[in-house]
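Commentary on secondary and tertiary structure
The primary structure of each chain is shown beneath.
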Amino acid sequence: MLAILSVKIAIFVRKIPIDVKIANIELGDKPLFLAPMEDVTDPSFRFMCKRYGADVVYTEFISSDGLIRDAAKSLAKLNIYDYERPVGIQIYGHEIEPMVEAARVAEAAGPDLIDINFGCPVRKIATRGAGSGMMRDVPKMVEMTRRIVEAVSLPVTVKTRLGWDEDSKNIVEIAERLQDVGIAALTIHGRTRAQLYRGEADWTLIGEVKRNPRMHIPIIGNGDIASAQGAARAFAEYGVDGVMIGRATYGRPWIFREIRHYLDTGELLPQPTVRERVELAKLHLAKSLEFKGEKVGVLEMRRHLSCYFKGLPDFKPTRLKLVTANDPAEIVDTLDYVAQRWGDFDTAGLVPAPLSHEV
Ligand SMILES: Cc1cc2nc3c(=O)[nH]c(=O)nc-3n(C[C@H](O)[C@H](O)[C@H](O)COP(=O)(O)O)c2cc1C
């Protein structure tokens, strides 16, 4: 009974617009965040998501060791652009001093905030104690965060998970302790490290952190949001200040516009037509070439290009052309062919790119 009442109160409360602020960064009511994703959220993809209404974007995670060694790959990920503000640079690492140094290097690149990754589940990172591995050493996690907050003048935020495994879901404690050392916002992915990306994200603990009267920083919920209704439910049922979307943005950067429209009006927007998708795929390609040059720009577009047209009938040979061509002009020709061949296809039934745990 009490639980039902509190959900109802939460729904009521969330109807009143709340201006969310991360430190002094104004984000308006119910901000939408593009999740940091390695090999996905490069500048060209961030450009697309920003264009369709992402309120905050992040770089891919950057190794602290790479940053302080001047490794070219890590330094290249520091490139950020004015149109994408507010933008966060995300760093990860297992040792305090290199992380503090990396935070300073990241700050010099001019982002709006520094995000610490305490959530990456990848074995070679987590078992060394970085990413989600830090959830097994809370004192070190807190000390690292405290030192980084002290070392930079930008707001510092953290992205993490519910805990290491089912028996150690310590996010409520972690959230309080990280807030106490000065983080400006916390993003929680509703899985443990042991779950990797399997099963369904559990938002109940995210809601618990948000409802904790000790907490006053923005709490951003993350995990399995793949529709406008899903995002609206996350705000209404769990009271989060922001929602972060990762995999559902593949081939669908317009999901931010869909969600915003639904939150504002309660209506669902139609899915973009094939011709519209072709135009935005061309724009995405042009941005990729601009930021990465022809060779890398084409290679890195491959994973995105096929997603824009997922679900089109008899698409396989065309898909193959799109993901094997090296010449941008050839890709554009193939995209023109897509517009011509499938231009009138009804996209209403096109299933959005499935999440990786669903395939
Ligand atoms: C390909 C891929 C790369 C990712 N890279 C990062 C990363 O660099 N930093 C990070 O904090 N999380 C990373 N994540 C996790 C996402 O940010 C997000 O927490 C997770 O995908 C759950 O959200 P979703 O269900 O909306 O996808 C990555 C996830 C995927 C699928």
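Quick caveat: nothing in here was measured; it's all calculated off a predicted structure. (Residues numbered from 1 in each chain as written. Predicted model: local features only at pLDDT ≥ 70, side-chain atom pairs only at ≥ 80, totals over all residues.)

Description of unusual backbone geometry
We count it as follows: We count a stretch as a helix when DSSP gives it H or I for four or more residues in a row; a strand needs E for two or more, and each element gets its number in order from the N terminus.
Residue R85 is joined to P86 through a cis peptide bond whose omega torsion reads -5°. As for its placement among the helices and strands, P86 is situated in the loop between α4 (72-76) and β5 (87-92). One non-glycine residue, K30, lies in positive phi territory at about 50°.

Regarding helix α8 (residues 171-180)
The test is simple: Counting other C-beta atoms within 10 Å of a residue's own tells you its class, since 20 or more makes it buried, 12 or fewer makes it exposed, and anything in between is partly exposed; those C-beta atoms are placed from the backbone. The arc in question is formed by the directions pointing from the helix axis toward the C-beta atoms. Each residue is represented by a C-beta atom placed from its backbone, and any two residues with such atoms within 7 Å are regarded as in contact.
All of the buried residues in α8 are I171, I174, A175, L178 and Q179. Axial view of α8: buried residues confined to an arc of 130°, hence all on one face. Residues of α8 that are exposed and point over 90 degrees away from its buried face: E173 and D180. Buried residues belonging to α8 abut α7 (138-151), β7 (156-163), β8 (185-192) and α9 (204-211).

What to know about the sheet that holds β8
The following threshold applies: Any two strands between which DSSP finds at least two bridges are classified as paired. Helix axes are fitted only over the stretch in contact, all axes being lines through C-alpha atoms; the angle between N-to-C directions runs from 0 to 180 degrees.
Ordered by their spatial adjacency, 8 strands build an open sheet running β3-β10-β9-β8-β7-β6-β5-β4, and the pairing between neighbours is parallel. Single-partner strands in this sheet number two, and they are β3 (32-34) and β4 (57-63). Strand-to-strand twist in this sheet, taken as the mean axis angle between neighbours without regard to direction, amounts to 25°. Where β4 meets β5, 5 bridges bridge the pair, whose relative direction is parallel. Bridge pairing in β5 links I62 to I91.

Concerning the confidence of the model for the chain
For any part of a model where pLDDT is low, the fine detail of the predicted coordinates should not be relied upon. Test applied: pLDDT is a residue-level measure of predictor confidence that goes from 0 to 100.
Averaged over all residues, the pLDDT of the chain is 93; the fraction at 70 or higher stands at 93%. The low-confidence segment residues 353-359 (pLDDT under 50) makes 14 contacts with residues lying over four places distant or belonging to another chain.

With respect to the domain arrangement of the chain
Defined as follows: All the domain ranges listed were derived from an automatic or database domain assignment. Under the convention adopted here, Pro, Cys and the residues Ala, Val, Leu, Ile, Met, Phe, Trp and Tyr are nonpolar, Asp, Glu, Lys and Arg are charged, and Gly plus all remaining residues are polar.
In terms of domain boundaries, the chain breaks down into domain 1 (10-265) and domain 2 (274-348). On a C-alpha basis, the centres of domain 1 and domain 2 stand 30 Å from each other. Contact residues are listed per partner, giving 8 residues for domain 1 and 10 residues for domain 2. Across the side of domain 1 that touches domain 2, the residue classes tally to 5 nonpolar, 2 polar and 1 charged.

Notes on the site of the ligand
The criterion, for reference: A molecule or strand has a residue near it when that residue's C-beta atom, placed from backbone coordinates, lies within 6 Å of it.
The full set close to the ligand counts 21 residues, and A35, M37, F61, G246 and R247 are the nearest of them. Looking at the shell around the ligand residue by residue, the class counts come to 9 nonpolar, 7 polar and 5 charged.

Here we look at the nonpolar core
Nonpolar side chains in soluble globular proteins tend to end up buried together. Selection rule: The term nonpolar core refers to a set of buried Ala, Val, Leu, Ile, Met, Phe, Trp, Tyr and Cys residues connected through C-beta atoms within 7 Å.
By size, the foremost hydrophobic cluster in this structure holds 76 residues, and its most contacted members are F33, A54, I91, I183, L186, V243 and I245. Per-element accounting of this core gives the leading share, 5 residues, to helix α10 (residues 228-238). Excluding anything up to four places from it in sequence, F33 contacts A54, D55, V56, I220, G242, V243 and M244. A281, Y308, I331 and V338 belong to the second largest nonpolar core, which has 14 residues in total.

As for helix α12 (residues 274-292)
The periodicity of an α-helix, 3.6 residues per turn, causes residues three or four positions apart to be oriented the same way. Test applied: Helix span, as expected, comes to 1.5 Å for every residue beyond the first.
Taking 1.5 Å as the rise per residue, α12 with 19 residues should run 27 Å; its terminal C-alpha atoms sit 26 Å apart, in good agreement. Where α12 is buried, its residues contact α2 (43-51), α13 (294-308) and α15 (328-342). Where α12 ends, the next residue or the one after it, G293, has phi of about 80°, a positive value.

Description of the environment of V100
Within the secondary structure, V100 sits in helix α5 (residues 96-108). V100 sits 18 residues away from D82 along the chain, and the two C-alpha atoms are 25 Å apart. In contact with V100, other than residues within four places in its own chain, are R147, I148 and A151.

Things to note about the packing of α12 against α13
Packed helices, taken two at a time, are described by their axes: the angle between them and the distance between them. Filter applied, for reference: Working rule for angles: under 35 degrees goes down as roughly parallel, over 145 as roughly antiparallel, 65 to 115 as roughly perpendicular, anything else as oblique. Put simply, a crossing is left-handed when the front helix is turned counterclockwise from the back one by less than a right angle, and right-handed when it is turned clockwise.
Viewed as axis vectors pointing N to C, α12 and α13 meet at an angle of 155°, and their least axial separation amounts to 8 Å. Judged by the inter-axis angle, α12 sits roughly antiparallel to α13. Once α12 is placed against α13, the crossing between them reads as right-handed. On α13, the residues touching R277, A281, H284, L285, S288, L289, F291 and K292 of α12 are E294, V296, G297, E300, M301, H304, L305 and Y308. By residue class, the composition of the contact of α12 with α13 is 8 nonpolar, 4 polar and 4 charged.

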